[in-house]
Amino acid sequence: MSRSAPVAGHQDPGHHHQRHQHLGHAHALGQDADGRWLAAAGALIVAFMAGEVVAGVIAHSLALVSDAAHMLTDAASIGLALVTTKVAARPPRGGYTYGLRRLEILSAQANGITLVVLGLWLGYEAVRRLIAPRPVNGTVMLAVALGGVCVNLAAAWMLARSRGAGARRSLNIEGASAHILTDLYAFAATAAAAIVVLATGFNRADAIATLAVVVLMLYAGSGLIRASGRIFLEAAPAGLDPAALGAAMAARPHVAEVHDLHVWEITTGMPAASAHVLVAPGEDCHAVRADLEGLLAGYGITHATLQVDHATAARRGQDAGPVTETGEQAHCEDSHGPRYRPDEP
């Protein structure tokens, strides 16, 4: 939506202004990401994961099986990036006024729950192996772990190529890259355990390496569940304090009060806000609104709906409504959240 120019000198105290701001913004996945490199990275990970499960069973290595379980989430995150590339490009239709952008959040929550469930099961099995260790084939374990390091390095290179030169920032691809980096640590732990098994015959090293992978899985899974839960509950984006934002808005020139301030995320990297703003009598509502839109853009909020009124009695010919403690006419009988005024801390 293009921004209309402010109407200078508009001072009708009964006039109501509501404006939706939609500046250029970076969505969850850059549409210029190359799907061929994403698909190649996903195929490489899936193929190695299948072989790793077989090798883990043959070598009696729980660490290899746990690494394969974590690679499953890598493949899922890359698959999500491929799907979101296509879905995010579709324009909103029907009742889905924002399109299907929250598909990413649904998938992230499912991915997180799967990580936690797998991590708990593998943790239980690792404890059993610590109590009653089983013989482990350290040679197979070491070979597969080193192969896993190479595969993850190759997948990381493919993901970097998928972004291309000058491509827009992609949170999905960055998330998949973070998964692959975690896998590198996991395979390093598995390789270290294999060396211990080969050098000393200490088979419990396999279970200890599994527990290290479990910690990584639980950390990543709980983080996904927490982040997706915040978006579903429409909490403010992490790192953004609504109280500080409300105070900053109230401190702008000619703003008398800000209330009904809501800040949330439509999907990852797509924050939105709405607020009711009261402007000092006789001042230009359009100019104040444009100034506040610029302020919100500085906070990364490019989807903003601002309802702007003068801080006087209600529209002419209508009931003025209840009076506030300061003697001003109340514009909202059922406002939500605190009120922010320039003369208040």
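Residues numbered from 1 in each chain as written. Predicted model: local features only at pLDDT ≥ 70, side-chain atom pairs only at ≥ 80, totals over all residues. Heavy atoms only, no water.

J.: So what exactly am I meant to see when it comes to the pairing of strand 4 (residues 303-310) here?
T.: Consecutive side chains of a regular strand alternate in pointing toward one face of the sheet and then the other. Burial of strand 4 is extensive: six of the eight residues sit out of reach of the surface. Handedness of the crossover joining strand 3 (residues 270-279) and strand 4 through helix 8 (residues 285-298): right-handed. (Buried < 20%, exposed > 50% of the residue type's maximum accessible area, 1.4 Å probe, protein only. Helix = DSSP H or I, 4+ residues; strand = E, 2+ residues; numbered from the N terminus. Right-handed = clockwise from strand over helix to strand, strands pointing away.)

J.: Would you explain helix 7 (residues 242-250) in this entry?
T.: An α-helical segment advances 3.6 residues per turn. Residues three or four places apart therefore align on the same side. Those residues of helix 7 that sit buried are L245, G246, M249 and A250. Angular distribution of buried residues about the axis of helix 7 spans 135 degrees; they occupy a single face of the element. Buried positions along helix 7 lie against strand 2 (255-267), strand 3, helix 8 and strand 4. The distance from a side-chain oxygen at the start of helix 7 to the backbone nitrogen of A243 is 3.1 Å, and the residue carrying that oxygen is D241. (Arc of directions from axis to C-beta. Contact = heavy atoms within 4.5 Å. Polar contact = N/O pair within 3.5 Å; in protein donor to acceptor, adjacent residues only side chain to side chain.)

J.: What am I meant to see in the packing of helix 3 (residues 103-131) against helix 6 (residues 204-232) here?
T.: For any two helices packed against each other, the geometry is given by the interaxial angle and the distance between the axes. In contact at an axis separation of 7 Å, helix 3 and helix 6 are set at 155 degrees when each is read in the N-to-C sense. Here helix 3 is positioned roughly antiparallel relative to helix 6, judged by the angle of their axes. Both helix 3 and helix 6 take part in a crossing whose hand is left-handed. Along the lines of polarity and charge, the residues of the contact of helix 3 with helix 6 split into 23 nonpolar, ten polar and three charged. (Axes fitted to C-alpha atoms, helices over the stretch in contact; angles between N-to-C directions. Parallel < 35°, antiparallel > 145°, perpendicular 65-115°, else oblique. Left-handed = near helix turned anticlockwise from the far one by under 90°. Nonpolar A, V, L, I, M, F, W, Y, C, P; charged D, E, K, R; others polar.)

J.: What is the right way to read the pattern of salt bridges from this model?
T.: When the charged atoms of two side chains lie near each other, side chains of opposite charge can form a pair. Using the criterion set out here, one finds six salt bridges in the structure. Between D206 and R129 there is a salt bridge; the shortest N-O distance is 3.7 Å. Taken together, the residues D206 in helix 6 and R129 in helix 3 connect sequence positions 77 residues apart. Put simply, R252 and D291 hold a salt bridge, and the shortest N to O gap is 2.8 Å. Remark: D291 occurs in helix 8 and R252 occurs in the loop between helix 7 and strand 2; sequence separation between them is 39 residues. Residues participating in the shared-partner salt-bridge network are E257, R339 and R341. (Salt bridge = Lys/Arg side-chain N within 4 Å of Asp/Glu carboxyl O.)

J.: Help me understand a nonpolar patch on the surface in this model?
T.: Where nonpolar side chains cluster on the molecular surface, the patch consists of V83, Y96, L100, L103, L106 and F232 and spans about 540 Å² of accessible area. By secondary structure assignment, the location of V83 is in helix 2 (residues 62-88). (Patch = residues over 30% accessible without salt bridge, like charges linked within 9 Å, V, L, I, M, F, W, Y side chains within 5 Å. Areas by Shrake-Rupley, 256 points an atom, 1.4 Å probe, with all protein chains shown as cover.)

J.: What exactly am I supposed to notice about the pairing of strand 3 here?
T.: Buried residues dominate strand 3, accounting for ten of its ten residues. Here strand 3 shows a buried face lined by M270, A272, S274, H276 and L278 and a second buried face lined by P271, A273, A275, V277 and V279. Pairing of strand 2 with strand 3 involves nine bridges; the strand directions are antiparallel. Counted as the bridge partner of T267 is M270 from strand 3. Linking strand 2 back to strand 3 in an antiparallel pair, the connection comprises two residues, with G269 at a positive phi of about 75 degrees. The sheet contact formed by strand 3 and strand 4 spans eight bridges and is parallel. Among the inter-strand pairings, L278 is bridged to a residue of strand 4, identified as D309. (Pairing = 2+ DSSP bridges.)

J.: Where do I start with the side chain of S228 in this structure?
T.: Within the fold, S228 resides in helix 6. Reaching out from S228, the side chain makes a polar contact with the backbone oxygen of I225 at a distance of 3.1 Å. Residues in contact with S228, not counting those within four places in the same chain, are I105 and Q109.

J.: Explanation requested: the nonpolar core in the structure shown.
T.: Note that soluble globular proteins tend to have their nonpolar side chains buried in a common cluster. Within the largest apolar cluster, 30 residues are counted, with the highest numbers of intra-cluster contacts made by A41, I45, F48, M71, I78, M141 and L159. Looking at this core, the elements with two or more residues in it are helix 1 (35-59), helix 2, helix 4 (138-163), helix 5 (171-200) and helix 6. Contact partners of I78, with chain neighbours within four places excluded, come to L38, A41, G42, I45, L159 and A176. Judged by nonpolar contacts, the second largest core, of 23 residues, contains L240, V263, L295 and I301. (Core = buried A, V, L, I, M, F, W, Y, C linked by side-chain atoms within 4.5 Å.)

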